[in-house]
Amino acid sequence: MRISDRRFALYLMAPAALFLAVFVAYPLFRLVADSLFKISPIAGGPRDFVGLDNYVRAFASEAFVGAGWRTLAYTFVVVALEFALGLGMALLFTALGRKSEVWRTVFLYPLMIAPIVAGLLWKFLMIDNFGLIGTLLHQAGILQNPNQIGWLSDPGIVLFSVAVPDIWLTTSFMCLVLFAGLQNIPGDLIEAARLDGAKAPTLLFSIILPLLRPVIAVALVVRGIDAARAFDTILIQTNGGPQSASETMSLLIYRTMIRFGDPGLASAMGTIYLLAMLGVAFFAVATIWRPGKDN
Amino acid sequence: MSTAETPINDRFAAEAAASRPRHSGVVSAILATGTKSSGATAGAAPTRALPAEPVLLTPAASGTGRPRRRNHHAEGLEAGKRSTRILLWIVLAAAMVLYGFPFLYLLFTSFKTPIDTIAVPPTILPKEWTLENYANALGRNGVLASFINSVQTAVISTVLSLALAIPAAYGITRYKTPSGRVFIMAALVTRMVPPVAIGIPLASMMASAGLADTPIALSIAHTTISLPLSIWLMSSFFEAVPNDLEEAATVDGCSRLGALWRVVIPVVSGGIAVTAIFAFLASWNEFLFALLMTAIRSQTTPVVIANFQTQFGLDWGSMTALAAVYSIPVILLTLLLQRKIVAGMTLGAVKG
């Protein structure tokens, strides 16, 4: 007996769908369910239904609201800088043409490095006393003493310092995506604009960027989602400190769950965080990307 | 995972997007990165439609008899003037040095003596080259075991990812049913789930299944990260295979499954290699799930690297050595395979 194509397709998809249902959807369901309980961190301990109490506690806590703002600021800094640097490199590679191919490949190397290693590496560069960056800036005469800027110990700037490894790791990705987009801009269009006397800035802002918009939207959304979930690099550099100044949402939830032993509250925070991410992502896709309205 | 899996995933997603020929569909809507322009080459990788090689015009050939200075034949956004090009090469060299320096510094540091590692002020190059840090790092208890765990976990996760993603992606792209469209959208949503949100419930599920602290449990967790992206990647590779291929096979008496196995899979083998590498790296570099789900027995190297910091105070030398040993094989492997992968992708899109 021959089954229909539709059914055959369903059979092909079933194992993967089942896997995602069991190992992603079900844990998510558990997360939402847990957010309604007050849970003792000890296994087998009491578990009392408290309704939305955990949500009220989350929104009332300074740590949660602060982490929310810090996550936003962190994401904005990371994505904006990556975009600027990535676009610059993509334009550079495009301008150099085929001969730059080898370097384009080499430029991808940080993408293979574990974020935990990247975080460690930059911590080593920025750390007080034996960090190389302070020393080099001092030797160049920019800083009066190598420890003048406490990259990772000054609460005022630490959020930007911990963003550096993330930017270093994934500028290559931005560059790759934007470069791919640039290759699809018809050459004649650029020539025509040049013949009309368009200068580089006009070319960039009136032709290249508008044409790249769908590519830019995808890149920004993908990287935005990832930056908002940053964990490894921050954990290894500062563990959220000093004074929680680099504690983003992932870290706060992790610490609430593991260190402070409050799974109920952590689950409520996780649920809010997840919903916020979904909301922002859909909003971004709908407004920046505007699928279907381009043609 | 937080950022753990992202770089490499995104990088391959981008490459797949760039390699995909023009077609419509949900997958392209998700990964569409401007491949709509009609002149786009359907080939692999972000190679551009090549400008002709510079043509050397002799005075005679130029027709007018007047010698004409001919610049590099540039097209579109490529820089034309020689002086501009030289300047741009200098900018590129500076950018590459800056971008490469952090990792080189890690390498140099790993060859310093443990005391020089934290000398004030630090030097860029070791005063004296030694393998002491490597001996210390690799000789430490549990470090070699963690390498084995990392390899094991990554291999299991890669195989699992491929085994699930290949049929699913094929079902989505070849039959274009409404359920397929819903499924790939659901996979997109999975990508937004913060790992910290599902890590704990997942860990307790594994514990109740008797899998606590095993490479199997961790590789299942890693597959939740790599499966959605494997599905998208494989979908875009399958999209590039012309339908006629299986139609011919089915006419020849192959079953649908037989056509997939014997005809389509060999054609997309390059794509499978790309997907496998990305799945492997996603697991290899992952940290958060590994931190939550492993203790002594199945700890992977990223967790061990992170533990150096708390457990042994400031043992920077060993940390840099271990980080170098962990990173270099995958950097080299991916860079070496890069050309093969690109070639595989080109072959993958053969016309029937």
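Note that the structure is predicted; figures quoted are calculated from it, not measured. (Residues numbered from 1 in each chain as written. Chains lettered and ligands numbered in written order. Predicted model: local features only at pLDDT ≥ 70, side-chain atom pairs only at ≥ 80, totals over all residues.)

**Overview of the overall build of chain A**
Tallying secondary structure elements over chain A gives 13 helices and two strands in all. Here the C-alpha coordinates of chain A stretch approximately 80 × 75 × 35 Å along the principal axes. The buried share of chain A, taken over its 295 residues, is 48%. Excluding contacts between residues fewer than 6 apart, the proportion of contacts in chain A whose partners are at least 24 apart in sequence is 71%. (Helix = DSSP H or I, 4+ residues; strand = E, 2+ residues; numbered from the N terminus. Buried ≥ 20, exposed ≤ 12 C-beta atoms within 10 Å, placed from the backbone. Contact = placed C-beta atoms within 7 Å.)

**Focus on the interface of chain B and chain A**
Each partner contributes to the interface: chain B provides 93 residues, whereas chain A provides 92 residues. Of all elements in the fold, only α1 (6-19), α3 (82-110), α6 (143-175), α7 (178-190), α8 (195-208), α9 (215-239), α14 (301-311) and α15 (316-348) of chain B reach the threshold of two or more residues within the side of chain B that touches chain A. The dominant element in the side of chain B that touches chain A, judged by the number of residues it contributes, is α3(B), at twelve residues. Partitioned by chemical class, the residues of the side of chain B that touches chain A number 65 nonpolar, 20 polar and eight charged. (Nonpolar A, V, L, I, M, F, W, Y, C, P; charged D, E, K, R; others polar.)

**Topic: helix α1 (residues 5-34) of chain A**
Residues and elements named next belong to chain A. Under the 1.5 Å per step criterion, the end-to-end length of α1 is 41 Å for 30 residues, consistent within 8% with the ideal 44 Å. Taken as a whole, α1 carries its principal kink of about 40 degrees at A14; the proline P15 stands between one and four residues after it. Where α1 is concerned, the buried positions are A9, L12, M13, A16, A17, F19, L20, F23, V24, P27, L31 and D34. (Expected span 1.5 Å × (residues − 1). Bend = angle between axes of the 7 residues up to and from the residue.)

**Let's talk about the packing of helix α10 (residues 244-251) of chain B against helix α11 (residues 256-267) of chain B**
All names here are of chain B. Interhelical geometry of α10 versus α11 gives an angle of 135 degrees and a closest axis separation of 9 Å. Taken together, the axis directions place α10 and α11 in an arrangement best described as oblique. With respect to the hand of their crossing, α10 and α11 are arranged in right-handed fashion. Of the residues in α11, those in contact with L245, E246, A249 and T250 of α10 are R256, A259, V263, V264 and V267. Looking at side-chain class alone, the contact of α10 with α11 contains six nonpolar, one polar and two charged residues. (Axes fitted to C-alpha atoms, helices over the stretch in contact; angles between N-to-C directions. Parallel < 35°, antiparallel > 145°, perpendicular 65-115°, else oblique. Left-handed = near helix turned anticlockwise from the far one by under 90°.)

**Some points on unusual backbone geometry**
Residue and element names in this part refer to chain A. Positioned with a positive phi, N239 is a non-glycine residue whose angle comes to about 60 degrees. Relative to the elements of secondary structure, N239 occurs in the loop between α11 (232-237) and α12 (249-258). The backbone phi angle of Q243 is positive, close to 50 degrees, even though this residue is not glycine. Tracing the backbone through its elements, the reader meets Q243 in the loop between α11 and α12.

**Considerations on the environment of S161(B)**
One can find S161(B) in helix α6. For S161(B), the residues in contact, after removing those within four places along its chain, are T223(B), S226(B), L227(B), S230(B) and A279(B).

**Comments concerning the confidence of the model for chain B**
All names here are of chain B. Considering every residue of chain B, the mean pLDDT works out to 75; 73% of them sit at 70 or more. Mean pLDDT across the elements of chain B ranges from a minimum in helix α2 (residues 26-31), with 32, to a maximum in α6, with 94. Across residues 1-73 the pLDDT falls below 50, and counting only partners more than four positions away or on other chains, this stretch makes 163 contacts in the model. Scored below 50 in pLDDT, residues 343-352 shows 27 contacts in the model against residues more than four places distant or in partner chains. Across the interface, the model reports ipTM at 0.88; the global pTM reads 0.82. (pLDDT = per-residue confidence, 0-100.)

**Description of the nonpolar core**
Ranked by internal contacts, the top residues of the largest apolar core, which has 165 residues, are A16(A), V117(A), L121(A), L178(A), I231(B), I305(B) and A323(B). If you tally residues by element for this core, the top one is helix α8 (residues 163-182) of chain A, at 14 residues. Excluding its chain neighbours within four sequence positions, the residues that come into contact with I231(B) are A16(A), A165(B), A168(B), A169(B), I184(B) and A187(B). (Core = buried A, V, L, I, M, F, W, Y, C linked by C-beta atoms within 7 Å.)

**Side note on the packing of α6(B) against α7(B)**
All names here are of chain B. Following both chains from N to C, one finds α6 and α7 inclined at 130 degrees, their axes separated by 9 Å at the closest point. Comparing their axes, α7 and α6 come out oblique. Read as a crossing pair, α6 and α7 show a hand that is left-handed. When α6 is examined against α7, the residues G171, I172 and Y175 are found in contact with a partner set consisting of G180, F183 and I184.

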